[in-house]
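# Structural overview for review
These are the residues of each chain, in order.
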Number of protein chains: 2
Amino acid sequence: MESKTSYKEKKVISIGVMSELTGLSVRQIRYYEERKLLFPERSKGGNRKYSFSDVELLMEIANEMEDGVQTFDIRQKRMKKEKEQTRKKMLKGQINAQFGIRK
Amino acid sequence: MESKTSYKEKKVISIGVMSELTGLSVRQIRYYEERKLLFPERSKGGNRKYSFSDVELLMEIANEMEDGVQTFDIRQKRMKKEKEQTRKKMLKGQINAQFGIRK
DNA sequence: CGTGTAAGGAATTCTGACACG
DNA sequence: CGTGTAAGGAATTCTGACACG
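Computed from a prediction, not measured in an experiment: that's the story for all the values here.

Conventions used here
As a convention, each chain's residues are numbered from 1 in the sequence order in which they are written. As they are written, the chains are lettered A onward and the ligands numbered 1 onward, keeping that order. This being a predicted model, a pLDDT of at least 70 is required before a residue's local features are given, and a value of 80 or more before pairs of side-chain atoms are given or counted; all residues contribute to the totals for chains, interfaces and linings. Hydrogens and waters are ignored; side-chain quantities use all the structure's heavy atoms. Per the convention used, a helix needs a DSSP run of H or I reaching at least four residues, while a strand needs a run of E reaching at least two, with both numbered from the N terminus. Radius of gyration: C-alpha atoms only; globule rule: 2.2 Å multiplied by the number of residues to the exponent 0.38. Remark: nonpolar core denotes a set of buried residues (Ala, Val, Leu, Ile, Met, Phe, Trp, Tyr, Cys) joined through side-chain atoms within 4.5 Å. Using a 1.4 Å probe on the protein chains alone, a residue whose accessible area is under 20% of its type maximum counts as buried, one over 50% counts as exposed, and one in between counts as partly exposed. Whether two residues touch is decided by their heavy atoms; if any such pair falls within 4.5 Å, the residues are in contact. The term buried area refers to how much accessible surface (probe radius 1.4 Å) is lost by two components on association, counted for both of them together. We count a salt bridge whenever a side-chain nitrogen from Lys or Arg sits within 4 Å of a carboxyl oxygen from Asp or Glu. The term polar contact refers here to a pair of N or O atoms within 3.5 Å; inside protein, the definition further demands a hydrogen-donor-capable atom paired with an acceptor-capable atom, and it admits residues adjacent in sequence only when both atoms are side-chain atoms. Throughout, the ten residues Ala, Val, Leu, Ile, Met, Phe, Trp, Tyr, Cys and Pro are labelled nonpolar, Asp, Glu, Lys and Arg are labelled charged, and all others, Gly among them, are labelled polar. UniProt positions are given in the numbering used here, feature names are shortened, and annotations may be inferred rather than shown by experiment. Interaxial angle, 0 to 180 degrees, is taken between N-to-C directions of lines fitted to C-alpha atoms, where a helix line uses only the stretch in contact. Any angle between 65 and 115 degrees counts as roughly perpendicular, while under 35 counts as roughly parallel, over 145 as roughly antiparallel, and the rest as oblique.

Quick look at the overall build of chain A now. Assigned secondary structure in chain A consists of four helices and two strands. Going residue by residue from the N terminus, the α and β elements of chain A occur as α-α-β-β-α-α. The globule rule puts the C-alpha radius of gyration for 103 residues at 13 Å, and the 17 Å found for chain A is more than 25% above it. Its C-alpha atoms put chain A at 55 × 35 × 20 Å along the principal axes.

Structure (structure tokens):
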């Protein structure tokens, strides 16, 4: 089991580039973070850094916003999706515990 | 045939992040560019932007520098490799022209 | 609620140059 | 040749706030 630092997940993109890539204003991007939809890392100096994965996420968010969905509901939906995945992983873990790792 | 904008080639990384990722100083990174080893894009404001591919390239360069190879020779070698690949593509193109695209 | 904007400040980056070796 | 550094300036980003709706 290793660190799997795929390029897609690496947080290296500034908010300015992010803005260009998504077509959203920096104001919008910061706001979606405030609403807990996005979680950039920070440089020592405090600057936001995003991943390509974040770019994709942000574009999905933009689509939902266009459909008139509120940030709260977008977040709600994402949290459910998150939970669903955690549940699946737990299940998989249990199966491994019972049948996989037996020594 | 499409624009194939893979994340790896997309120029989005600032020189500061580049420095962190490679462990080289920004001075070194700029110098290698001056010696034609590296070709970042520029933002409107003039800031350098690199790709993950550039990160890999830069780390290879760093290795060669450690071995005492001079920038000129590194460049020389890279240009040869470049030519080799162009040659292969040309060949492939010719083959396509003769046997592939026939109508 | 979601977004624009002006404000003041800090972090980041840029270039050209001098230094050392 | 390759790299550090101080210098002056410009571009980028940050936060908190006011505005509009």
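Following the structure, the description resumes.
Note that soluble globular proteins tend to have their nonpolar side chains buried in a common cluster. Judged by nonpolar contacts, the single largest core of 35 residues is most densely connected at I13, I29 and L58 of chain A together with I13, I29 and L58 of chain B. Every element with two or more residues in this core is listed here: α1 (15-22), α2 (26-34) and α3 (52-66) of chain A together with α1 (15-22), α2 (26-34) and α3 (52-66) of chain B. Among residues more than four places away in sequence, those in contact with I29 of chain B are I15, M18, S19, T22, L24, L38, Y50 and L58 of chain B.

A few words now on the interface of chain B and chain A. Counting from both sides, the interface comprises 12 residues of chain B and, opposite them, 12 residues of chain A. Across the chain B to chain A interface the summed buried area is about 1200 Å²; carbon plus sulfur atoms make up 71%. Ranking the residues of chain B by area buried against chain A places Y7, V12 and F52 of chain B at the top, with a combined share of 53%. Run the count over chain B and chain A and you get two salt bridges. Counting the contacts that link chain B with chain A gives two residue pairs in polar contact (both at pLDDT 80 or more). Counting residues per element, the ones that place at least two in the side of chain B that touches chain A are α1 and α3 of chain B. For the side of chain B that touches chain A, the leading source of residues is α1 of chain B, giving three residues. Of the residues in the side of chain B that touches chain A, the class split is six nonpolar, no polar and six charged.

Let's shift gears to the UniProt feature "domain: HTH merR-type" (unreviewed entry) in chain A. In this structure's numbering, the residues bearing the UniProt feature "domain: HTH merR-type" (unreviewed entry) are residues 12-61 of chain A. Its end C-alpha atoms 20 Å apart, residues 12-61 of chain A is made of 54% helix and 8% strand.

All names here are of chain A. Two numbers describe how α1 lies on α2: the axes approach to 9 Å, and their chain directions differ by 105°. Relative to α2, the element α1 lies roughly perpendicular. Of α2, the residues touching α1 (which contributes I15, M18, S19 and T22) are V26, I29 and R30. Split into classes, the residues belonging to the contact of α1 with α2 amount to four nonpolar, two polar and one charged.

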